[in-house]
Amino acid sequence: MSEDGEQVSDLQAGMRLNHVPTEPSGPTAPTGPAAPGGPKGPMGPFVPGGSGDFASTPAQKKAAANTIETELEPNTKKAAEHADTDTGAAQKGFDGWETAAGLKKVADTWDQQVKTLMGRLAAEKTSLRGASGLFTGNDTGIGNQFLATNSKLNGL
């Protein structure tokens, strides 16, 4: 864990997914564009001092997709299973009480939210892996249109 309590692996995953460079920050660190030495904390296109572009390389997209596949998806699944186990045990402990019915409703809602999140992660991973190919295909296609177009000046 870091000094401010944030898990380092979460910060590293966030940096790989968002390609957001960060500087050390904490409760006493000055923030914002007026801070000595520039802004502290996350810096991105919508934060003063950020890069101002949306560009990322194919390698960065691949790294982000791999992070989703190797860290976020398995850890999300593991956390969901852990919550299901604990909630199920609590539900059995309150068997016959209204609390058990409430816990079942909470567990069902949680499971639906996890299912939605897992679908979103899978879609983002697929999009990241396909984005480079789409850009290349678009560039090649537009270039071919220019080559295929005949001008009346071509015969002169």
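First things first, this report covers the structure right here in the doc. (Residues numbered from 1 in each chain as written. Predicted model: local features only at pLDDT ≥ 70, side-chain atom pairs only at ≥ 80, totals over all residues. Heavy atoms only, no water.)

### A look at the overall build of the protein chain
Then comes step 1: From N to C terminus, the protein chain includes three helices and zero strands.
Then comes step 2: For the protein chain, the sequential pattern of α-helices and β-strands runs α-α-α.
Then comes step 3: A total of 156 residues make up the protein chain; the buried ones form 15% of that total.
Then comes step 4: Long-range contacts, defined as pairs at least 24 residues apart, comprise 48% of the intrachain contacts of the protein chain with a sequence gap of at least 6.
Then comes step 5: About 11500 Å² of surface is accessible on the protein chain, with carbon and sulfur atoms providing 60% of the total. (Helix = DSSP H or I, 4+ residues; strand = E, 2+ residues; numbered from the N terminus. Buried < 20%, exposed > 50% of the residue type's maximum accessible area, 1.4 Å probe, protein only. Contact = heavy atoms within 4.5 Å. Areas by Shrake-Rupley, 256 points an atom, 1.4 Å probe, with all protein chains shown as cover.)

### Some details on the pattern of salt bridges
Pairing is possible between side chains of opposite charge, provided their charged atoms come close.
Then comes step 1: With the rule as written, the count across this model stands at four salt bridges.
Then comes step 2: Here Asp 108 and Lys 104 are joined by a salt bridge, their closest N and O atoms 3.1 Å apart. Taken as a pair, Asp 108 and Lys 104 lie in helix α3 (residues 98–148) at a separation of four residues, close to a single helical turn.
Then comes step 3: Assessed through its relative accessible area of 41%, Lys 104 is described here as partly exposed. (Salt bridge = Lys/Arg side-chain N within 4 Å of Asp/Glu carboxyl O.)

### Description of the side chain of Lys 61
Then comes step 1: Relative to the elements of secondary structure, Lys 61 occurs in helix α2 (residues 58–93).
Then comes step 2: Given the relative accessible area of 11%, Lys 61 is considered buried.
Then comes step 3: When neighbours within four sequence positions are excluded, Lys 61 is seen to be in contact with Ser 56, Leu 128, Ala 131, Ser 132 and Phe 135.

### Quick notes on the packing of aromatic side chains
Then comes step 1: The full count for this structure, using the stated rule, is one aromatic pair.
Then comes step 2: Measuring from centroid to centroid gives 6.3 Å for Phe 94 and Trp 97, while their planes differ by 65°, and the two rings are edge-to-face.
Then comes step 3: Since its relative accessible area comes to 34%, Phe 94 is described here as partly exposed. (Phe/Tyr/Trp six-rings, centres within 6.5 Å; stacked < 30°, edge-to-face > 60°.)

### A word on α2
Then comes step 1: When the terminal C-alpha atoms of α2 are compared, their 51 Å separation across 36 residues agrees well with the 52 Å that a helix rising 1.5 Å per residue should span.
Then comes step 2: For α2, the principal kink sits at Ile 68 and spans about 35°.
Then comes step 3: Restricting attention to buried positions, one finds in α2 the residues Lys 61, Ala 64, Ala 65, Thr 67, Ile 68, Glu 73, Thr 76, Ala 80 and Thr 87. (Expected span 1.5 Å × (residues − 1). Bend = angle between axes of the 7 residues up to and from the residue.)

### Comments concerning the environment of Asp 108
Then comes step 1: According to the relative accessible area criterion, Asp 108 is partly exposed, its value standing at 41%.
Then comes step 2: Linking Asp 108 and Asp 84, residues 24 residues apart in sequence, is a C-alpha distance of 9.4 Å.

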